[in-house]
Amino acid sequence: MAGNSNPNPVFQLFSGSTATGFFDSSPEPPLPPPPPPLEVLSSEVSSDVKCTLEQVEVDDLTLLKGRVSTKEVFGLPNSDLVPGVYEGGLKLWEGSMDLIRALRKEVQDGHLSFAGKRVLELGCGHGLPGIFACLEGSAVVHFQDFNAEVVRCLTIPNTNVNLSDKFQSTAGSEANSCAGAELRFFAGDWSQVHEILPHVPNPEKDVTSSSGGNPVSGYDIILMAETIYSIPAQQSLYGLIKKCVSNSGGVVYMAAKRHYFGVGGGTQQFLSMVEKDGIMTAALVAEVADGSSNVREVWKLSIK
Ligand SMILES: C[S@@+](CC[C@H](N)C(=O)[O-])C[C@H]1O[C@@H](n2cnc3c(N)ncnc32)[C@H](O)[C@@H]1O
């Protein structure tokens, strides 16, 4: 990987007031069937796609991220995303940075601790929020993206470069470890990926477990940035969250735009679905309104 001087390459997602590209007013074509969910081992990191390294600054925290070409990885021109084929994970969206900034403040204010926690980053792309969770002492960080290619070309390389001094490959194991944390990587659609996520509670198994150990109880902290732009995908995303989050104090931190113009998703619309469901409460953690783009927000959802 080569160095690069571009300090903060963050892209806009539907920030304008009109739809663009695939989300113009024409009717949406049916989506292709999603690829089957699979775990991507850290040894499956891509070595044949050119990846350059860039610095990302979040206030006084410096992280590293790779940059790869959408054309090289997917054979697609540099488009934001192609629904059901490539869901935007190769770009770093501004919500990821908002989320890290908000998480840092939550930790500094004593409202959040990652120490010893089981963390899941949904729709991870570059995985920087999950990497931050690892740096903060999480016991487990699992990363999920729609596309295995994104995980191989960016998420795993990003964990390697950011956590290299704390990182150990565990020979013969599915997982890597970072200063004692278990790192694992999963690809698949939100409607199916629970089938392979290790800490999704399984009521049947948990009740009948005779091992005497603690039953699996879900993820303590779920992180996600820029995942609620598509209304059709929101039901499966919210269903996945409910399957994954720990019933014992589990929380979700979600960064997103208030409205994704042209596609209908956004925080207000997602949260009205959550409120109607009645299982979780939502609290606004941060609002970013810089006047130049759509209002962005970070929300914390907790089980009631
Ligand atoms: C706009 S990108 C955001 C990436 C990253 N969180 C960021 O902020 O830079 C949307 C992410 O959600 C994932 N995603 C979108 N739809 C999905 C679906 N139906 N199932 C699983 N993942 C999906 C994509 O793979 C991608 O990682």
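The shown structure was predicted, so the numbers you read here are calculated from the model rather than taken from an experiment.

**Describing the nonpolar core**
In step 1: Residues Leu99, Leu103, Phe114, Ile221, Leu223 and Tyr253 are the most contacted members of the largest nonpolar core, which totals 37 residues.
In step 2: Non-local contacts of Leu103, meaning those with residues more than four positions away in its chain, are made with Leu112, Phe114, Phe132, Leu223 and Tyr253.
In step 3: With 31 residues, the next largest nonpolar core counts Tyr219, Tyr229, Met254 and Met273 among its residues.

**A closer look at helix H4 (residues 148-162)**
In step 1: For H4, with 15 residues, the first-to-last C-alpha span of 20 Å sits near the 21 Å given by 1.5 Å per residue.
In step 2: Taking the largest bend as the criterion, H4 deviates by roughly 25°, centred on Leu154, and proline Pro157 comes between one and four positions later.
In step 3: Of all 15 residues in H4, 11 are buried; the element is thus mostly enclosed.
In step 4: Among the residues of H4, those classed as buried are Ala148, Val150, Val151, Cys153, Leu154, Thr155, Ile156, Pro157, Asn158, Thr159 and Asn162.

**Here we look at the pattern of salt bridges**
In step 1: One pass over the full model with this rule turns up 14 salt bridges.
In step 2: The shortest N-O distance in the salt bridge between Lys65 and Glu54 comes to 3.0 Å. A residue pair is termed long-range when its members are at least 10 positions apart, and Lys65 in strand S3 (residues 61-67) and Glu54 in strand S2 (residues 52-58) qualify at 11 residues. Each of the two residues, Lys65 as well as Glu54, counts as buried.
In step 3: Between Asp59 and Arg101 there is a salt bridge whose closest N-O contact spans 3.3 Å. With a gap of 42 residues between them, Asp59 in the loop between S2 and S3 and Arg101 in helix H2 (residues 94-108) connect regions that are remote in the sequence.
In step 4: Relative accessible area serves as the criterion here: at 33%, Arg101 is assigned to the partly exposed category.

**A short note on the site of the ligand**
In step 1: Around the ligand, 20 residues are found, and the nearest of them are Trp93, Ser96, Gly123, Asp145 and Ala225.
In step 2: Note that a nitrogen atom of the ligand is positioned 3.1 Å from one of the side-chain N or O atoms of Asp189.
In step 3: Ala225 is positioned such that a nitrogen or oxygen atom in its backbone is 2.9 Å from a nitrogen atom of the ligand.
In step 4: Protein coverage of the free-state accessible area of the ligand, which is 590 Å², stands at 98%.
In step 5: Looking at the shell around the ligand residue by residue, the classes come out as eight nonpolar, seven polar and five charged.

**Brief notes about the packing of aromatic side chains**
In step 1: All told, the structure shown has five aromatic pairs when counted by the stated rule.
In step 2: Measuring from centroid to centroid gives 5.3 Å for Phe143 and Phe185, while their planes differ by 10°, and the two rings are stacked. Taken together, the residues Phe143 in strand S5 (residues 140-145) and Phe185 in strand S8 (residues 181-187) connect sequence positions 42 residues apart.
In step 3: A relative accessible area of 1% means that Phe185 is categorised as buried.
In step 4: Ring centres of Tyr229 and Tyr260 lie 6.2 Å apart, and the angle between their planes is 75°; on these two criteria the pair is classed as edge-to-face. Linking Tyr229 in the loop between strand S9 (221-225) and helix H6 (231-244) with Tyr260 in the loop between strand S10 (251-257) and helix H7 (267-277), this pair joins segments that are 31 residues apart in sequence. We note that Tyr229, like Tyr260, is buried.

**Concerning the confidence of the model for the protein**
In step 1: Per-chain confidence: the protein averages 86 in pLDDT, with 82% of residues scoring 70 or above.
In step 2: This stretch, residues 1-25, has a pLDDT under 50; its non-local contacts, to residues over four places away or in other chains, come to 67 contacts.

**Digging into H7**
In step 1: Restricting attention to buried positions, one finds in H7 the residues Thr267, Phe270, Leu271, Met273 and Val274. Along the axis of H7, the buried residues cluster in a sector spanning 150°; they form a single face. Opposite its buried face, H7 presents the exposed residues Glu275 and Lys276, each directed more than 90 degrees away.
In step 2: Taken together, the buried residues of H7 touch S9, H6, S10, strand S11 (280-288) and strand S12 (296-303).
In step 3: Once H7 ends, the next one or two residues include Gly278, with phi positive near 80°.

**Structural notes on the packing of H6 against H7**
In step 1: Interaxial distance between H6 and H7 falls to 11 Å at its minimum, and their mutual angle equals 45°. Overall, the two elements H6 and H7 adopt an arrangement that is oblique. Helix-helix and strand crossings are classified by hand; for H6 and H7 the assignment is right-handed. Along its contact with H6, which presents Ile231, Gln234, Gln235, Tyr238 and Lys242, the element H7 presents Gln269, Phe270, Met273, Val274 and Asp277.
In step 2: By residue class, the composition of the contact of H6 with H7 is five nonpolar, three polar and two charged.

**Topic: unusual backbone geometry**
When glycine is set aside, most residues are seen to have a negative phi, and most peptide bonds are trans.
In step 1: The residue Asp59 is not glycine, and still its phi comes out positive at about 55°.
In step 2: Phi at Glu226 takes a positive value of approximately 55°, unusual for a residue other than glycine.
In step 3: Take Glu226: it is sitting in the loop between S9 and H6.

Rules of the game
Residues numbered from 1 in each chain as written. Predicted model: local features only at pLDDT ≥ 70, side-chain atom pairs only at ≥ 80, totals over all residues. Heavy atoms only, no water. Core = buried A, V, L, I, M, F, W, Y, C linked by side-chain atoms within 4.5 Å. Buried < 20%, exposed > 50% of the residue type's maximum accessible area, 1.4 Å probe, protein only. Contact = heavy atoms within 4.5 Å. Helix = DSSP H or I, 4+ residues; strand = E, 2+ residues; numbered from the N terminus. Expected span 1.5 Å × (residues − 1). Bend = angle between axes of the 7 residues up to and from the residue. Salt bridge = Lys/Arg side-chain N within 4 Å of Asp/Glu carboxyl O. Near = heavy atom within 4 Å. Polar contact = N/O pair within 3.5 Å; in protein donor to acceptor, adjacent residues only side chain to side chain. Areas by Shrake-Rupley, 256 points an atom, 1.4 Å probe, with all protein chains shown as cover. Nonpolar A, V, L, I, M, F, W, Y, C, P; charged D, E, K, R; others polar. Phe/Tyr/Trp six-rings, centres within 6.5 Å; stacked < 30°, edge-to-face > 60°. pLDDT = per-residue confidence, 0-100. Arc of directions from axis to C-beta. Axes fitted to C-alpha atoms, helices over the stretch in contact; angles between N-to-C directions. Parallel < 35°, antiparallel > 145°, perpendicular 65-115°, else oblique. Left-handed = near helix turned anticlockwise from the far one by under 90°.

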